[in-house]
Every structure is written in structure tokens, then in C-alpha cells.
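Notes for the structure review
Below are the chains, spelled out letter by letter.
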Amino acid sequence: MRALALSLLILAAIIYVLTRDHDSGFLGYVNAGSEAAMVGAIADWFAVTALFRHPLGLPIPHTAIIPKRKEALGESLQEFVADNFLKEDVIRERIGSAGMSRRVGEWLVVGKHSERLVHEGSRILADALSHVRESDVAAVVQEALIPRLKEEELSPVVGQLLEEVLRDDAHRGLVDLAVDELSRWLASNHDEVAALIENRAPSWTPQWLDKRVATWVHEQVVEWVADIGRTPDHNARIALDNWLRDLADGLQHDPDTMERFERLKERMLSQPRLSTTSVQLWEALRRALIGSLGDETGLLRTRANQEIDKLGHRLIDDPVLAERVDTTIADIASYAVNNYGHEVATVISATVNRWDGKETADRIELHVGRDLQFIRINGTVVGGLAGIVIHAISTVI
């Protein structure tokens, strides 16, 4: 584009030289037009060049504007982006119109993207787990976790958590499971229960009486446990709930209960084998996870594939879920923009400030220089036309 603009200037100069002695007639118009075209071309060349460097290397005032003012340019661009793009309403509108959740769902169900996602995720997670050393886990438990737990007063936290669990009846499933397991164990271990009762019977009672009493007691216990399982408002359940509520309240407000809990916590955390057992449990869990993640046909990866594929279809078919996901994404993006948008925009000014002045001018010229060269071309053409018009007016006058 520079060559084209320069070629027009040279062409105008050649025409001017060839028609220099012709002031009248058609050639007079050609001469006037070519002269004005040269003026326009040179003027616009100066204007375009002055943005990026000193014309002809001469330190003319108000030239080489971009190299001299690159910091101000970067700050202005930063403010422009922050004020016009990194705004909550702009982000929300863009995310809402993009339908990100539906796009994610379509991507997950097409081809084998879900399998690839599980494969790559399993590989990364297994590799990360394999690099966790046992000594590092032991150090975290011994030097950070246990001392921190000893320092913190946990009874109010435990009491509040227990209170929330009781308020939501989240413990009922655990109670049902315990009752079912106890009922199943009692039903399948009649001899063990009977032997336990017989062994505690007085030595002077007949053996046949001990067996009948043990059988009767076992039957009553089995029936009582079964009745607890069948009856949601059983007295035993109510008594357990009341005891747990009292415990939750005591852990938060009763000094004696809080002190006993803290002493129990201190004794448990002071056990020498606590850290060793914790590390052993972690190692067992880590090995099991690595093995499951490496088994492509295993239950873990198979279930993960199924769940991700199911999630993809739900994001497509369930508009309520899709809207909720889009809203969540918009909330996260809006929070990031409101709290960190200005810091993100400073990347622009920081990057521009690191550039050398000449490098900045070269970068910008590479991006917009082609359009700027059209200014030179237009200046040449418009200058030539203006020269013709002026010559015509002069001739008429």
C-alpha cells in the first residue's frame, strides 16, 4: 500500500513535469490537477507518517505521536475496554444470548466428547495423585491439620452443624440404615445373641430356662427394632431426636458440654497413631482411585461417562436447568468483572508500557497501516480534483 501511494505521487510528479509549460486548454487542467495531487499526496504522507515516526527523520514538533504517547494510549485503551466491555450488564447480555449451557450440552453429546473428557480428566487426576508423596501428606497432617484443629474451638461448629442436620431431618436416612442393619444382624445371629444372654444368666437357673428366656428376649429385641424401623414417630426415635437436639444446643451454649467435647477432641488428636492412620487411609484411597481411574472399563469411568452424557442431554432438553446454569455462569462472570475487571483491563496498559516506542508504532502500523495508506491515496485523488476545480474557477474568473 505504501508502494501504491508512492506510485501515485510519482505519477502526479511526472505528469506535472510533462505539462509544466501548458497553462491553458486541456493540458492546463491536467497540469493544475497533477500539481494539486502532489500537494495532497505530500500533505497526507506527512500526516500519516507523523503518527508513527518523524518524517524524514526530522524532529518536527507534534510528530512521532504514538511512540511518544504510548503510555497514554495504553491507559486510554484500558479505560475504554473497562468502561464499555467489562460491565455487568454487557457480560450478562452476552452470556444470555450465547446460550452457553446448551452449547456445552450439544458438545458433550456429539461424537465421543464425553468419553474424551473423562479420559483426559482421569489421566490428569491419576497423574496428580501419583505425584502426591506420603511424606508430604504426613507433614500436612502433623504440622498443619492437627495443630490447627487443636487450636480451634470446634464444639460450636459441630453443634451448629448438628442443629442444621436435625432441622432438615437429614439424619433420618442414617438412622433408618442403622436400624435396618441392626435388625438384619439380629435376625441372622440368633445363636450369638442367645449365647450372650445365657452366659449372663445366674448359675443356679436351669439351662432349659436360660434358653427359653434367651429366645424370648431375642424375639422381643428383634420385634422392637423392627417396630422402630416401621414407625417414623416411634418413642425411641423421638428420644434420640431429643437427645441430639440437647446435644446440639449444649455444644453451642453449655460450658460443661463444650468443655467435655474439647477435652475429647484433645485426647483424640493427641493419639500417636492418629497421623499414621490418617496417612494409611489416604494411601489406600489414593491407590484405589488411581487404579479405578486407569481402568477404562471400570465402574468409576463408566459411571462418569454415563453421568456426563446424561448431563449433556439435560442441558439440551431441560430449559430450567439450562437457565439456571447460564444464570450461575453470568453471576460468576459478573462477580469477576465487578471485583477484578479493572485489574484485568490493566493488562492492556501494562503490556503497552512494556513495549518499546518504536515497537509500539510498528505493531499499530501493521494493524491499521493499510487503511492509513488509503488516506494518502485519497489525498492524492482529492487533491488532484480540487486542483482541477480551482483551475476551472480561475479560468472562468
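Residues numbered from 1 in each chain as written. Predicted model: local features only at pLDDT ≥ 70, side-chain atom pairs only at ≥ 80, totals over all residues. Heavy atoms only, no water.

**Observations concerning the overall build of the chain**
Along its length, the chain carries 18 helices and zero strands. Against the compact-globule benchmark of 21 Å for 397 residues, the chain has a radius of gyration of 42 Å, which places it well outside the compact range. Along the three orthogonal principal directions, the C-alpha set of the chain runs to about 150 × 45 × 40 Å. Across the 397 residues in the chain, those meeting the buried criterion constitute 27%. Within the chain, residue pairs in contact and separated by at least 24 positions form 71% of the contacts whose partners lie at least 6 positions apart. By element, 62% of the accessible surface of the chain is carried by carbon and sulfur atoms, the whole surface being about 26600 Å². Separation of charge centres in the chain, based on 43 positive and 60 negative side chains, amounts to 5 Å. (Helix = DSSP H or I, 4+ residues; strand = E, 2+ residues; numbered from the N terminus. Rg over C-alpha atoms; globule rule 2.2 N^0.38 Å. Buried < 20%, exposed > 50% of the residue type's maximum accessible area, 1.4 Å probe, protein only. Contact = heavy atoms within 4.5 Å. Areas by Shrake-Rupley, 256 points an atom, 1.4 Å probe, with all protein chains shown as cover. Lys, Arg positive; Asp, Glu negative; His and termini not counted. Charge placed at Lys NZ, Arg CZ, Asp CG, Glu CD.)

**Description of the confidence of the model for the chain**
Scored by pLDDT, the chain comes out at a mean of 84, with 98% of its residues at no less than 70. The secondary structure element of the chain with the lowest average pLDDT is helix H3 (residues 65-68), at 71, and the one with the highest is helix H13 (residues 235-253), at 91. (pLDDT = per-residue confidence, 0-100.)

**Some details on the domain arrangement of the chain**
By the assigned domains, the chain splits into domain 1 (1-63 + 358-396) and domain 2 (153-270). Relative placement of domain 1 and domain 2: their C-alpha centres are 98 Å apart. (Domains from an automatic or database assignment.)

**Section: the pattern of salt bridges**
Scanning all chains against the criterion turns up 21 salt bridges. Glu223 is the partner of Arg230 in a salt bridge, and the nearest nitrogen-oxygen pair spans 3.0 Å. On the accessibility criterion, Glu223 (44% relative accessible area) is partly exposed. For the salt bridge of Lys265 with Glu262, the shortest nitrogen-to-oxygen distance reads 2.7 Å. Of this pair, Lys265 and Glu262 both sit in helix H14 (residues 255-269), three residues apart, roughly one helical turn. What makes Lys265 buried here is its relative accessible area of 8%. Salt bridges linked by common partners bring Glu88, Arg92 and Asp331 together as one network. (Salt bridge = Lys/Arg side-chain N within 4 Å of Asp/Glu carboxyl O.)

**Overview of empty space enclosed by the protein**
Here the structure, examined in full by the defined rule, presents one cavity of 30 Å³ or more. Its volume calculated, the largest cavity comes out at about 30 Å³. Elements with a contribution of two residues or more to the lining of the largest cavity: helix H10 (172-188) and H13. Top element by residues in the lining of the largest cavity is H13. It accounts for three residues. (1 Å grid on protein atoms, 1.4 Å probe; cavity = no way out; pocket = protein on both sides within 12 Å on 5 of 7 lines; lining within 4 Å. Points joined across faces, edges and corners; volume = space filled by probe spheres on them.)

**Describing the layout of surface pockets**
Looking at the largest pocket, its volume works out to about 230 Å³. What lines the largest pocket is a set of 13 residues, and nearest its centre among them are Gly33, Ser34, Ala37, Thr380 and Gly384. Among the secondary structure elements, those contributing two or more residues to the lining of the largest pocket are helix H1 (2-18), helix H2 (25-52) and helix H18 (357-396). With five residues, the top contributor of residues to the lining of the largest pocket is H18.

**Re helix H15 (residues 273-294)**
For H15, with 22 residues, the first-to-last C-alpha span of 31 Å sits near the 32 Å given by 1.5 Å per residue. Taken together, the buried positions of H15 are Ser275, Val279, Glu283, Arg286 and Leu293. Take H15 and look down its axis: the buried residues cluster within an arc of 105°, on one side only. Turned more than 90 degrees off the buried face of H15, the exposed positions are Arg273 and Leu281. (Expected span 1.5 Å × (residues − 1). Arc of directions from axis to C-beta.)

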